[in-house]
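# Report on the structure
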Amino acid sequence: MDTRGDNVTLQLNYGTNDGGRRRDAAMARFRAHRFGQFIHWGLYSIPGGRWDGQDIDFAAEFLPRMAKVPPAEWEALAGQFTAEAFDAEAWADTAAAMGAKYMTITTKHHDGFCLWPSAETDFHIGNTPAGRDVLAELIAAYEARGIDVNFYYSVLDWHHPDWRYQLENDDDEAAFARYLDFAMKQLAELAQRYPSVKAFWFDGTWDESVKKNGEWTWQVERMLKDTIPGVIVNSRLRADDHGARHFDSNGELMGDYESGYERRLPEPWDVSVTARDWEACMTISQASWGYHQGDWAADTIKHPLDVVDMIAHCTSLGGNLLLNFGPRGDGSLQPVEQELAARVGDWLTEFGEAIYGCGHAPGWSPQGWGYFTRNDTDGTIFALVTRLPVSGRVRIQLPNGLGLAGLRSLSVSGEPASMRELAESVVELDVSQCSPGPLGFALTTMRLDNRDALREPNPDVLT
Ligand code: FHN
């Protein structure tokens, strides 16, 4: 243990590697992507939240637990996994139309069913009527469109006989050691079989059994990064020497980006999150990740403009948004999700300049009508109006000492009818004549202490 002033730094064998702010090209690419597509697809997609005619009012991928499905009946679902409507090209087209720059697919969720022909278990897609290497098909289709592919992997495995939630005796310890060996081999399979994968998204690591095995989590990250140099690992994998997760016992991030925001975003003014890379994941329905055929999910689909607000919100705080899709059991996409993807893509076609390669704009605080972002390369400041004031006026509070020398509309909505300086560093745009809907502007700023050098005095402003 070191003591530096009041800060006591614990010596950790399995703590942070680099505090969550990698500077290499692979991490810069992930950061610049800003928006990705999450896909939950597995055996749970077949029943779609319904068992014996009863819908569960819970996430569809938890059906085996919520409906207490006998393990043998759940395993038998593999016989119905035909993937007859699975079309990797169609999935990739939807992602491209939406403006997603990466896709994260569930290779194995909590039920233990593997979307790849794993040599470590018989419970995999190779032993189903589908019999296809869907991960290879997806990688080919997405990468052909310039979209990176990442893998989700659940350490929690309800199917494996050696899985343990707690380690209460020597038998538990021995069994769980066998399980961790199995999982390590599966992860090595995925990395060796699909070496173009850019990131691993770990889940299901909240149980005491995993938290007591920080060394294994550290070894997994090392193995993956040795196998695929530059590969990215989220913060949900690691536990440190004392069982701390996401952040080690010294408060330093473990993994390459923080992935604790699930179906929620940081407060718009919580600039503390800008200290590291992070990603929020979000369902399109209220709370089901897997396809859910019941009204419980269908009645809670988000509006596309809610999603674009989330994208702008995340970018303004230097984070990514991972939006989840739940294909049906046969591999077909839900039309409601495809429609939402198209509308989100329309917005990114217009305003993507303020998202891709952009991040937090230090000193520019959100002001209710939307968010500021900043191009990480040339420093351009953008104003994204996702919550248009009913007044038709957008008031911009610039950082002290800055004035607005000009602006450029990012879309066909047109330029503001007027731009008035109300006070030092306060400008009001009249956008009442702009076409209805989201707006976005690239701002040109000036130092107020040499305003005359940059433009004529504004007759609207009393000098
Ligand atoms: O239990 C899972 C859930 O099914 C889903 O995969 C989400 C995605 O972030 N992760 C877990 C809940 O935190």
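Residues numbered from 1 in each chain as written. Predicted model: local features only at pLDDT ≥ 70, side-chain atom pairs only at ≥ 80, totals over all residues. Heavy atoms only, no water.

### Here's the deal with the site of the ligand
- Taken together, 13 residues sit near the ligand, with H40, E61, H110, D203 and E262 positioned nearest.
- Taking H40, its side chain carries an N or O atom lying 2.8 Å from an oxygen atom of the ligand.
- Looking at the shell around the ligand residue by residue, the class counts come to six nonpolar, three polar and four charged. (Near = heavy atom within 4 Å. Polar contact = N/O pair within 3.5 Å; in protein donor to acceptor, adjacent residues only side chain to side chain. Nonpolar A, V, L, I, M, F, W, Y, C, P; charged D, E, K, R; others polar.)

### Quick look at the domain arrangement of the chain
- Assigned domains within the chain: domain 1 (3-356) and domain 2 (359-462).
- The gap between the C-alpha centroids of domain 1 and domain 2 is 38 Å.
- Of all residues in domain 1, D309, F351 and E353 bury the most surface against domain 2, accounting for 33% of the area lost on that side.
- The tally of links between domain 1 and domain 2 comes to two salt bridges.
- A salt bridge links E353 to R408; its shortest N-O distance comes to 2.6 Å.
- Put simply, domain 1 and domain 2 have seven residue pairs in polar contact (both at pLDDT 80 or more) between them.
- Only helix 10 (304-316) and helix 11 (335-351) provide two or more residues apiece to the side of domain 1 that touches domain 2.
- Take the side of domain 1 that touches domain 2: its biggest share by element is six residues, from helix 10. (Domains from an automatic or database assignment. Buried area = accessible area lost by both parts, 1.4 Å probe. Salt bridge = Lys/Arg side-chain N within 4 Å of Asp/Glu carboxyl O. Helix = DSSP H or I, 4+ residues; strand = E, 2+ residues; numbered from the N terminus.)

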